[in-house]
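Chain by chain, the residues run as shown.
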Amino acid sequence: MPAYAIAHLQEAAPHPDIAEYVERLPATFEAHGGRYLVHVTPHEVKEGSWPGHVVMIGFPGIEEARAWWDSPAYREIAPLRSRHIGSAVILVEGVPEGYDPAATAKAMRAALAQGGE
């Protein structure tokens with residue numbers, strides 16, 4: 001199953017460390033089969049608020065995403081970003097081919113029928 005690294009980056013003033021991070025980042029995730037899906041492109045907020053930018057990197061699976069995050073190459077450059085940009089980053093597994101959300105709804109209804117809310 002594919003997996004994704006999703007970052008919500010706050011606005012930040014330009015800084016040489018950030019430019020270096022952006023230059024060096026692709027080599028860290030490409031080594032684990034990752035590729036940019038979204039990279040600081042404009043977004044439309046339809047509900048709530050989402051200040052800042054979105055970055056999304058796709059990986060072949062969650063193990064590759066974890067290996068990238070924990071890799072010495074990424075850990076070396078991460079402070080270039082984190083010292084200058086507030087962020088939230090998650091790794092999330094995608095759904096399998098043929099995923100049926102009706103099964104999730106059925107499980108919710110079963111839990112409700114047993115007195116859950």
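As the structure is a computational prediction, the values presented were derived from the model and not from experiment.

J.: What am I meant to see in the sheet that holds strand β2 (residues 35-39) here?
T.: Working definition: the strands of a sheet are paired by backbone hydrogen bonds and lie parallel or antiparallel to each other. Strands sit in the order β2-β3-β1-β4 across an open sheet of four strands; the sheet is antiparallel. Unpaired on one side and paired on the other, β2 and β4 (87-93) mark the two borders of the sheet. Here the strands of the sheet are splayed against their neighbours by 15° on average, with no regard to which way each runs. Relative to strand β3 (residues 53-59), strand β1 (residues 3-9) is paired through seven bridges, and the arrangement is antiparallel. By the bridge assignment for β3, Leu9 is matched with His53. Here helix α1 (residues 16-30) sits on the sheet in contact with β2 and β3, set at roughly 135° to β2.

J.: Would you mind going over unusual backbone geometry with me for this structure?
T.: Glycine aside, the phi torsion of most residues is negative, and most peptide linkages are trans. At Val40, a residue that is not glycine, the phi angle is positive and equals roughly 50°. For Val40, the location among the structural elements is in the loop between β2 and β3.

J.: So what exactly am I meant to see when it comes to the nonpolar core here?
T.: Soluble globular proteins: nonpolar side chains tend toward being buried together. By size, the foremost hydrophobic cluster in this structure holds 19 residues, and its most contacted members are Leu25, Ile57, Phe59, Trp68 and Tyr74. If you list the elements that add at least two residues to this core, you get β1, α1, β3, α2 (62-70) and α3 (72-82). Those residues within four positions of Tyr74 in sequence are excluded, and the remaining contacts are Tyr21, Leu25, Thr28, Trp68, Trp69 and Arg81.

About the cut-offs
Residues numbered from 1 in each chain as written. Predicted model: local features only at pLDDT ≥ 70, side-chain atom pairs only at ≥ 80, totals over all residues. Heavy atoms only, no water. Pairing = 2+ DSSP bridges. Helix = DSSP H or I, 4+ residues; strand = E, 2+ residues; numbered from the N terminus. Axes fitted to C-alpha atoms, helices over the stretch in contact; angles between N-to-C directions. Contact = heavy atoms within 4.5 Å. Core = buried A, V, L, I, M, F, W, Y, C linked by side-chain atoms within 4.5 Å. Buried < 20%, exposed > 50% of the residue type's maximum accessible area, 1.4 Å probe, protein only.

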